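# Structure assessment
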Amino acid sequence: MSTHTFEVTELTPLIAPVRAAVRRGLSPADTADVVAARLSGYLTEGRPLPERYRRASPDHYVQHLIHVEDDGSFSVVALVWLPGQCTPIHDHRAWCVAGVAEGQEHEQRYELRTDPLATPHLVPTAEVTNHPGDVSALAPPGDIHRVANSSDALTISLHIYGADIAALGSSVRRVYDNPVTRA
Ligand SMILES: [Fe+2]
């Protein structure tokens with residue numbers, strides 16, 4: 001029985017190729033790269049996202065759960081951001097792929113430095129601004145980042161995670177302070 005599959009008619013052209021990619025059984029990093037290519041292809045088609053996945057909140061960015069695969073092997077969500085809304089600095093439980101459907105998403109990546117003579121701290125590394133059609137892929141470890149809507153307009157991005165988001169609530173493994181104050 002399908003326990004977490006929502007109305008997916010409009011998103012089937014994305015979900016079916018992602019399912020095929022995940023079932024290849026590649027490494028997490030390679031799976032993320034192949035899924036990123038599928039998401040890129042889907043975004044290039046310019047299909048409008050159903051209105052129910054476009055709702056924003058004035059309080060924080062919103063995650064709309066679109067699909068969870070029956071075996072929990074991947075999930076698809078839409079993240080909707082008003083200007084200035086952002087995530088905390090975090091990493092992930094599994095590989096993840098993100099693509100901008102509209103607006104502009106800014107990603108700051110970090111590296112965790114654990115020099116025994118100093119307090120563990122995060123060092124900013126790559127920084128990228130993603131526009132509609134841009135896709136990025138991450139796989140733990142080394143996947144610490146912070147994402148924000150850096151534009152003055154509504155931003156919507158599609159994210160695909162190698163995990164059951166209905167069960168977990170989100171893909172976040174850990175939220176970081178900087179300097180890092182928790183083990
Ligand atoms: Fe993330």
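Residues numbered from 1 in each chain as written. Predicted model: local features only at pLDDT ≥ 70, side-chain atom pairs only at ≥ 80, totals over all residues. Heavy atoms only, no water.

What follows concerns the overall build of the protein. Assigned secondary structure in the protein consists of three helices and ten strands. Ordering the α and β elements of the protein from the N terminus gives α-α-β-β-β-β-β-β-β-β-β-α-β. For 183 residues, the compact-globule formula gives about 16 Å, and the C-alpha radius of gyration of the protein, at 16 Å, lands near that figure. Expressed as lengths along the three principal axes of its C-alpha atoms, the size of the protein is roughly 55 × 40 × 25 Å. A fraction of 77% describes how many contacts in the protein between residues 6 or more apart in sequence connect residues 24 or more apart. For the protein, the computed accessible surface area is about 9,100 Å², with 52% contributed by carbon and sulfur atoms. (Helix = DSSP H or I, 4+ residues; strand = E, 2+ residues; numbered from the N terminus. Rg over C-alpha atoms; globule rule 2.2 N^0.38 Å. Contact = heavy atoms within 4.5 Å. Areas by Shrake-Rupley, 256 points an atom, 1.4 Å probe, with all protein chains shown as cover.)

Another point: the sheet that holds strand β4 (residues 96-102). Across the sheet, five strands lie side by side as β1-β2-β9-β4-β7; this open sheet has antiparallel pairing. The open sheet terminates on both sides in strands that have one partner only, identified here as β1 (62-68) and β7 (135-138). The mean angle between the axes of side-by-side strands here comes to 20 degrees, regardless of whether they run parallel or antiparallel. As defined by bridge partners, β4 adjoins β7 across four bridges and the pair is classed as antiparallel. Across the sheet, C96 pairs through a bridge with L138, a residue of β7. Packing of helix α1 (residues 12-22) onto the sheet brings it into contact with β1, β2 (75-81) and β9 (155-161), and relative to β9 it is tilted by some 30 degrees. (Pairing = 2+ DSSP bridges. Axes fitted to C-alpha atoms, helices over the stretch in contact; angles between N-to-C directions.)

This brings us to the packing of aromatic side chains. Between two aromatic rings, the relevant description is the distance of the centres plus the angle of the planes. As enumerated under the stated definition, the model contains one aromatic pair in all. Residues Y61 and W81 carry aromatic rings whose centres are separated by 4.5 Å and whose planes lie at 20 degrees to one another, so their mutual orientation is stacked. Here W81 lies in strand β2 and Y61 lies in the loop between α2 (28-44) and β1, a separation of 20 residues in the sequence. (Phe/Tyr/Trp six-rings, centres within 6.5 Å; stacked < 30°, edge-to-face > 60°.)

Right, let's get into the pattern of salt bridges. Across all of its chains, the model carries eight salt bridges by this definition. Residues D91 and R173 are paired through a salt bridge, measuring 2.8 Å at the closest nitrogen-oxygen approach. Taken together, the residues span a long stretch of sequence, with D91 in strand β3 (residues 90-92) and R173 in strand β10 (residues 172-175) at a distance of 82 residues. Taking the shortest distance from any N to any O, the salt bridge between E107 and R109 comes out at 3.0 Å. We classify R109 as partly exposed; its relative accessible area is 24%. The structure contains a network of salt bridges with shared partners spanning R19, R23 and E69. (Salt bridge = Lys/Arg side-chain N within 4 Å of Asp/Glu carboxyl O. Buried < 20%, exposed > 50% of the residue type's maximum accessible area, 1.4 Å probe, protein only.)

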